[in-house]
Amino acid sequence: MNNYEDNKKIIGIPRAISYYGNYPFYYGYFTALGIKIILSDKTTTGIINDGVEKVVSDTCLPIKVFVGHVLNLLQKGCDRIFVPSLQSSAYKINNCSKIRGLPEIIRNVIDKPFKMIEPTIDKTEGISFRDFCYDIAHEYDIFDEELINFAIDAGWRVYDNFLKMTNSGVNYEIALRMAIEGRTVTAPIEVVKPLSVVIMAHGYNLFDERISMNLIKKLDKMGVKVYTSLNVSKKDALKSIRELDEIQYWANELDLTGTAAYYMLNNKVDGIIALSAFGCGPDSLMVDEIQYHAKQRNMPMIHLTIDEHTGEAGFVTRIEAFIDMLIRKKRKTLEQNNIVTLPNTHVKIRELSVTK
Ligand code: SF4
């Protein structure tokens, strides 16, 4: 027996993968259709371990985490779970095979009875986002086109508001909460920080605080200004990829190459931090591409990879070492130009892994 009275009008959304980019839309859309959302809990070590137990070891961490979140929803008694098949976001702009095949993965590793809501978006094959939304509604026996279109508009309203706030500098958590509450806030007046970095990473790796081990907060505490994909418009990210004479191949390249390229080309940061899952094929290509361009511009860069075994102490050490190196480099440049001196860093150099 489950915990929800009208299970037909509920949807369980795993707090993983597309949740981090699309939840504002999902929230507006499902709510307008009258479907109650059950979210899985925030990622914990237990959720990760549950996912790890179910899949082969060389699967990337975000997919293991997704599996763990599906199990978490089942434990909560939710038996309608959203597992979209996100094939391509534009003509021949593809997602990785694991995201494309997510429903198949879940079907094969979880042998418990539940209904999977698994709409497809595949613009290469002419399956549009509108088709995707209509498929979802039909699963709930909702065929009223006016209502479905109204729900799609509602989804975009919440999403656009979220994006407007994050593009202006409001942080992820606050923008998400405000967008869901139908409110808007402006970014706080920025305190000028002596050092800034851009993090190139998928939202599901970076904004999941357990996976990223609170990377943004750690840098913030060190006094470093952090930019992420949420601070760049999609248009600017795409334009920046092209300015590097590269093409967008992967569906979520804007979070990685687009974001890093934008800040690098505009000379807005002192360094680049790439955060990716161990064994991720697409990310390794994208990181290599940016590493090549960073090297041409003498822009320091570090690549942090994560999996379920990554220990926080070693992770912190590498970040501190990188920031320490950036401070030394910047101090030298500023002093040479008689501009200003930066305070001594509190971190110690233990290890450096930078683009030379
Ligand atoms: S893009 Fe990489 S990290 Fe993300 S799901 Fe695919 S293989 Fe995993």
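Residues numbered from 1 in each chain as written. Predicted model: local features only at pLDDT ≥ 70, side-chain atom pairs only at ≥ 80, totals over all residues. Heavy atoms only, no water.

(A) The arrangement of the overall build of the protein chain in detail. A count of helices and strands for the protein chain gives 14 helices and 11 strands. Across its three principal directions, the C-alpha atoms of the protein chain cover 70 × 40 × 35 Å. A buried classification covers 53% of the 356 residues belonging to the protein chain. Across the protein chain, contacts joining residues at least 24 apart in sequence account for 70% of those joining residues at least 6 apart. The averaged location of the 44 negative side-chain charges in the protein chain is 6 Å from the averaged location of its 43 positive side-chain charges. (Helix = DSSP H or I, 4+ residues; strand = E, 2+ residues; numbered from the N terminus. Buried < 20%, exposed > 50% of the residue type's maximum accessible area, 1.4 Å probe, protein only. Contact = heavy atoms within 4.5 Å. Lys, Arg positive; Asp, Glu negative; His and termini not counted. Charge placed at Lys NZ, Arg CZ, Asp CG, Glu CD.)

(B) Main features of the nonpolar core. Core analysis: the largest hydrophobic core is formed by 94 residues, its most contacted members being I13, Y29, F30, L219 and I323. Element by element, the count of residues in this core is highest for helix α3 (residues 61–75), at 9 residues. The residues that make up this core include at least three from each of domain 1 (7–167) and domain 2 (190–336). When residues no more than four places from it in sequence are discounted, the contact partners of F30 are I11, I13, I35, I37, F82 and I136. Judged by nonpolar contacts, the second largest core, of 24 residues, contains V232, L244, A261 and Y263. (Core = buried A, V, L, I, M, F, W, Y, C linked by side-chain atoms within 4.5 Å. Domains from an automatic or database assignment.)

(C) Looking closely at helix α1 (residues 19–32). A bend of about 35 degrees at F25 is the largest found in α1. Buried residues of α1: Y19, Y20, Y23, P24, F25, Y26, G28, Y29 and F30, and no others. G34 occupies a position one or two residues after α1 and carries a positive phi of about 80 degrees. (Bend = angle between axes of the 7 residues up to and from the residue.)

(D) Representation of the environment of N214 in the model. Among the structural elements, N214 can be located in the loop between α9 (203–206) and α10 (215–221). Residue N214 is classed as partly exposed on the basis of its relative accessible area of 26%. Expressed as a C-alpha distance, the spacing of N214 and S276, which sit 62 residues apart in the sequence, is 14 Å.

(E) Just the site of the ligand, in detail. In the neighbourhood of the ligand, the contacting residues comprise C60, P62, I63, C96, K98, I99, H202, Y204, A277 and C280. Counting residues per element, the ones that place at least two in the shell around the ligand are α3 and α4 (97–100). (Near = heavy atom within 4 Å.)

(F) Fine view of the packing of α3 against helix α5 (residues 102–109). Contact geometry for α3 and α5: axes closest at 11 Å, N-to-C directions at 60 degrees. By the angle class used here, α3 and α5 are oblique. Considering the relative orientation of α3 and α5, their crossing is right-handed. Of α5, the residues touching α3 (which contributes I63, F66, V67 and V70) are L102, I105, I106 and V109. Residue composition of the contact of α3 with α5, grouped by class: 8 nonpolar, no polar and no charged. (Axes fitted to C-alpha atoms, helices over the stretch in contact; angles between N-to-C directions. Parallel < 35°, antiparallel > 145°, perpendicular 65-115°, else oblique. Left-handed = near helix turned anticlockwise from the far one by under 90°. Nonpolar A, V, L, I, M, F, W, Y, C, P; charged D, E, K, R; others polar.)

(G) Just the sheet that holds strand β8 (residues 195–200), in detail. A sheet is described by the order of its strands in space; here 4 strands give the open sequence β9-β8-β10-β11, paired in parallel fashion. Edge positions in the open sheet fall to β9 (224–227) and β11 (301–306), since each of these has one partner strand only. Across the sheet, the mean angle separating the axes of adjacent strands is 25 degrees when strand polarity is ignored. In this structure, strand β10 (residues 271–277) lies alongside β11, joined through 6 bridges in parallel fashion. What sits directly across from A277, in β11, is I306. Contacts from helix α14 (residues 312–336) reach β8, β9, β10 and β11, with the element oriented near 170 degrees to β11. (Pairing = 2+ DSSP bridges.)

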